[in-house]
Amino acid sequence: MGIEVISSGLQTTIQDLGRKGWSHMGVPESGSADKFSSKLANFLLNKELNSPVIECTLTGPVLKFLKSFSLIITGADMKPKINDKSFKMNTTIRVKINDVLSMSNCSVGCRTYIAFSENLISERFLNSASTYLPAKLGGINGLPLQVGDVISTEPVNLDAAKTKKIDLNTISSFTNDWELRAMEGPEFKFLSTRSKKHILLSSYTVSNDSNRMGNRLDGERIELTNKDQMISCPMNIGTVQCPLGGLPIILGCDSQTLGGYPRILQIAEIDFPLIGQLRPQDRVSFKKISIEKARTELKNHTKLFPF
Amino acid sequence: MSNLDRFNLSDFSENVLLIEMNKNAKYSDRTAVFLSLSEYLRKTLDSMEVVSAEESIAVKYNSLDIPSTKVKNLILDKLKVFRYQEVSKEKSLLRIPVCYSKEFGLDIKDVASKHSLSNQEIADLHSGTVYEVKMIGFTPGFAYLGDLAKELIMPRLLKPRINLLPGSVGISGNRTGVYTLGGPGGWRIIGRTPLKLFHPDKQNPFGISPDTQVKFTPISKQEYESYTK
C-alpha cells in the first residue's frame, strides 16, 4: 500500500538512473530520460540519487496517497496540485493519507519527475527498477502505470546531513527552441560539403513519433555522399544518426546499442538531460563544441551540482 | 605488424573511445577478433563499458574520474599484449528448434521465389550450418549469427514491421537471428522457435553468449505446439 493511480497520464513510468554495464549484451542504459531532473528530485529529498522516481510524459497522472509522505516534483512544469491547491515545483511538500496529487500538461519541456520520501517498490532487472517498455522490464510489469495500479512503498532512512547546498536559480530553464551542443560524429565525413555547413545553421522540428528511444527530426534533409550500407556500429545516447532519407534521429536513453546508420553528430553529455525534455514540435539546432570543451563543461557542472 | 599498427584509436565523444581496425590488417575473421578483443578489454578494464560491433569497439569511461589520455594509454597497453587465437575457448552448442511453416515464416515465400527454392530447401539450408555469434546488440540478448548460406541472402525489408511475435527467426544479408522479445524488426522472417532465449528472472538472463554456437533444428507445427504446452 502506498500510492494509487487514479488517472495514468500519457506515459507514466518508474525510472531510476538505469542499468549501466550491459550494453555489450544489447541492454540499453534506460533510466530517467532527464537524469538531471531525476537526480535533483532525490537530492532535494536527501535520498540516494539512484532511488526510483515516477517519470511523467507531456500529461501527468492523478495519484492518491494511501500513506503520508514528503514528495518533490522536478522537470517540466505540469502545474501540480494537491487537492486542487497549486504548489511550487522543486520544493518539498508534505501530503497526508487520501490527499490527491493531480497534474495536467506542460507547455515547455516534456518530462516531469516525482520523488517520494519512501522507496517505490517495483520489479528489477539487472539491478535497476527502470521501466524498459520494448522488453517489458522493470517498473510495474514492465508497463506504463495504469488506472487502478497501487505502487507499494517502504520507509527509508533519509540521509539528513546534506553535504552541499545547491542554488536552484542556476538550474537552466526549459524552452521550445533548444540549442544542443554537439561534436562531429565518426561518419560526419559522409556529409556533402553543403550539409556539413547547413547542419549547424538550420533548425529542425521534433517529430510526433519521438519517444524514449529516439527523437526524429523534420527539416532540411541532410545529403550523404556515401550511401553504402554500413556495418552496424556502437551507438550512444545522444548519437545523431542519419538514415538515407536524410532526416536525423537523436538517440535517447532507451536506444539500441548498435545501429547501421551514419553517426553524423554526437551530443555532448552535458546536454543529455535536454534530450529527455524535447517535445514534439519543439525546434532544435546544433551548436559545435570541441571534445575538450565538452569535458570542461561536465567538470564545471559538478561545481554547481554535486551530481 | 604489431597490434598498434593494426588498430586505430580515436575519440567518439568526450567520454567514448572508438577502436577500429586498420584496413590493411590481415585477419581471416575480423569479427571474431573484435569479439575476442572486447571480452579481453571488458575483463581487464575497470569501470569502463566495452561494446563490440562487427568492425569496431566502443569504450565508455567517465572523463571526470579518469583523464582521456590515461584511458588511451591503458588501452594501448592492452592492445600491445592482446593475442588473438583462432580457437581460444570451448564453445557450447545450443540447438534451437524452428518451425519453418508458412504461418510462422512471414517472408519464406519471398525468399523462396527470389532464390527459386522450396520451403524445405530453405529450412535445410538455414538449419544446415553451425553458426557463430558475430555480435550482440540492438535489443537485450539479440545475437547476430553467421554466416548464412549464400543461397539465402536477402536484403532487409524496406519498411520494418512494427510488432513481431517473440521467437520469430529472421535473416538479413549474411546474418540470421532470433527476435527473442518480439517487437519491431526489419529482417525477413522464415520461421519461429518455441524456445525462450531471454530469462529476465534468472541470474544469467541471456540464452546466447559470445561463446555459444547455434544450430537450428527443423520441427513440425505439432512439435512446436507440444513445446509451448
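Residues numbered from 1 in each chain as written. Chains lettered and ligands numbered in written order. Predicted model: local features only at pLDDT ≥ 70, side-chain atom pairs only at ≥ 80, totals over all residues. Heavy atoms only, no water.

Visitor: If you had to explain the overall build of chain B to someone new, which residues and values would you point to?
Guide: Per the secondary structure count, chain B includes six helices and 13 strands. For chain B, the C-alpha atoms occupy an extent of roughly 60 × 40 × 35 Å along the three principal directions. Summarising the internal contacts of chain B: among those between residues at least 6 apart in sequence, 61% fall at separations of at least 24. Entry remark: accessible area of chain B is about 11100 Å², with carbon and sulfur atoms responsible for 50%. (Helix = DSSP H or I, 4+ residues; strand = E, 2+ residues; numbered from the N terminus. Contact = heavy atoms within 4.5 Å. Areas by Shrake-Rupley, 256 points an atom, 1.4 Å probe, with all protein chains shown as cover.)

Visitor: Could you give me a rundown of the pattern of salt bridges, with the residues and numbers involved?
Guide: Residue and element names in this part refer to chain A. Across all of its chains, the model carries 24 salt bridges over all chains by this definition. Residue Glu 220 pairs with Arg 194 through a salt bridge whose shortest N-O separation is 3.3 Å. On the criterion of sequence distance, the pair formed by Glu 220 in the loop between strand S15 (214-218) and strand S16 (233-234) and Arg 194 in helix H2 (residues 193-201) is long-range, its members being 26 residues apart. Using a relative accessible area of 44% as the deciding quantity, one classes Arg 194 as partly exposed. What you see here is one network of salt bridges that share partners, running through Glu 55, Arg 111, Arg 212 and Asp 254. (Salt bridge = Lys/Arg side-chain N within 4 Å of Asp/Glu carboxyl O. Buried < 20%, exposed > 50% of the residue type's maximum accessible area, 1.4 Å probe, protein only.)

Visitor: Outline the interface of chain B and chain A, listing residues and values.
Guide: Across the contact, 38 residues belong to chain B and 39 residues belong to chain A. Summed over both partners, the interface of chain B with chain A buries about 3100 Å², with 65% contributed by carbon and sulfur atoms. Looking at the side of chain B facing chain A, the largest losses of area belong to Phe12(B), Glu14(B) and Leu64(B), adding up to 23% of the total buried there. Inspection of the chain B/chain A interface yields one salt bridge. Of the charged contacts, one joins Arg295(A) and Asp11(B) as a salt bridge, the two residues approaching to 3.4 Å between their closest N and O atoms. Of all the secondary-structure elements, those providing two or more residues to the side of chain B that touches chain A are strand S1 (7-13), strand S2 (16-21), strand S3 (49-52), strand S4 (56-60) and strand S6 (131-136) of chain B. Classifying every residue of the side of chain B that touches chain A gives 21 nonpolar, nine polar and eight charged. (Buried area = accessible area lost by both parts, 1.4 Å probe. Nonpolar A, V, L, I, M, F, W, Y, C, P; charged D, E, K, R; others polar.)

Visitor: For unusual backbone geometry, give the residues involved together with the corresponding values.
Guide: Here the amide bond leading from Gly146(B) into Asp147(B) is cis, since omega sits at -5°, within 30 degrees of zero. Mapped onto the elements, Asp147(B) comes out in the loop between strand S7 (143-146) and strand S8 (161-164). Positive phi, close to 55°, is recorded for Asn141(A), a residue that is not glycine. Relative to the assigned elements, Asn141(A) resides in the loop between strand S11 (119-120) and strand S12 (150-154). Positive phi outside glycine occurs at Gln281(A), with the angle close to 80°. Relative to the helices and strands, Gln281(A) is located in the loop between helix H3 (272-275) and strand S21 (283-288).

Visitor: I'd like a rundown of the nonpolar core, residues and numbers included.
Guide: Of all hydrophobic cores here, the largest spans 42 residues; its most connected members are Ile199(A), Ile250(A), Ile264(A), Ile267(A) and Phe286(A). Mapped by element, the contributors of at least two residues to this core are helix H1 (35-44), strand S10 (111-116), strand S13 (177-184), strand S14 (204-206), strand S20 (263-267), H3 and S21 of chain A. At five residues, the largest contribution of residues to this core is made by H1(A). Three or more residues apiece are contributed to this core by two domains, here domain 1 (2-170) and domain 2 (177-304) of chain A. When sequence neighbours within four positions are dropped, the list of residues in contact with Ile250(A) reads Leu180(A), Gly214(A), Asn215(A), Leu217(A), Gly238(A), Thr239(A), Val240(A), Ile267(A), Ile275(A), Leu278(A), Val284(A) and Phe286(A). Counting 34 residues, the second-largest nonpolar core is a separate cluster that includes Phe125(A), Leu126(A), Ile108(B) and Leu152(B). (Core = buried A, V, L, I, M, F, W, Y, C linked by side-chain atoms within 4.5 Å. Domains from an automatic or database assignment.)

Visitor: Can you lay out the sheet that holds strand S3 (residues 53-57) of chain A for me, pointing to particular residues and giving the numbers?
Guide: All names here are of chain A. The strand order across the open sheet built from five strands is S2-S3-S10-S5-S8, with neighbouring strands paired in antiparallel fashion. Single-partner strands in this sheet number two, and they are strand S2 (13-15) and strand S8 (93-95). Neighbour-to-neighbour, the strand axes of the sheet open up by a mean angle of 35°, direction not taken into account. When strand S5 (residues 69-75) meets S10, the two strands line up antiparallel, connected through five bridges. Within the sheet, the bridge partner assigned to Gly 75 lies in S10 and is Thr 112. Against the sheet, H1 makes contact with S3, S5 and S10, and its axis sits at roughly 150° relative to S5, the strand it touches most. (Pairing = 2+ DSSP bridges. Axes fitted to C-alpha atoms, helices over the stretch in contact; angles between N-to-C directions.)

Visitor: A description of the environment of Ser68(B) should follow, citing residues and the corresponding values.
Guide: Tracing the backbone shows Ser68(B) in helix H3 (residues 68-81). Since its relative accessible area comes to 9%, Ser68(B) is described here as buried. Put simply, Ser68(B) and Val16(B) are 52 residues apart on the chain and 9.0 Å apart in space, counted from C-alpha to C-alpha. Residues in contact with Ser68(B), not counting those within four places in the same chain, are Arg295(A) and Tyr61(B).

Visitor: Help me get a handle on the pairing of S5(A), residues and values and all.
Guide: Residues and elements named next belong to chain A. Within S5, six of the seven residues are buried, which leaves the element mostly enclosed by the surrounding structure. Looking at chain direction, S5 and S8 are connected through three bridges and run antiparallel. Bridged to Leu 71 within S8 is Ile 93.

Visitor: Residue-level account of the pairing of S6(B), with values.
Guide: Residues and elements named next belong to chain B. Burial of S6 is extensive: five of the six residues sit out of reach of the surface. When S6 meets strand S13 (residues 212-218), the two strands line up antiparallel, connected through two bridges. Directly across from Glu 132, in S13, lies its bridge partner Gln 213. Sheet topology note: the S6/S7 ladder contains four bridges and is antiparallel. When the sheet's bridge partners are listed, Glu 132 is paired in S7 with Gly 146. In this structure, the hairpin formed by S6 and S7 is closed by a connection of six residues, where Phe 138 is found at a positive phi of approximately 80°.

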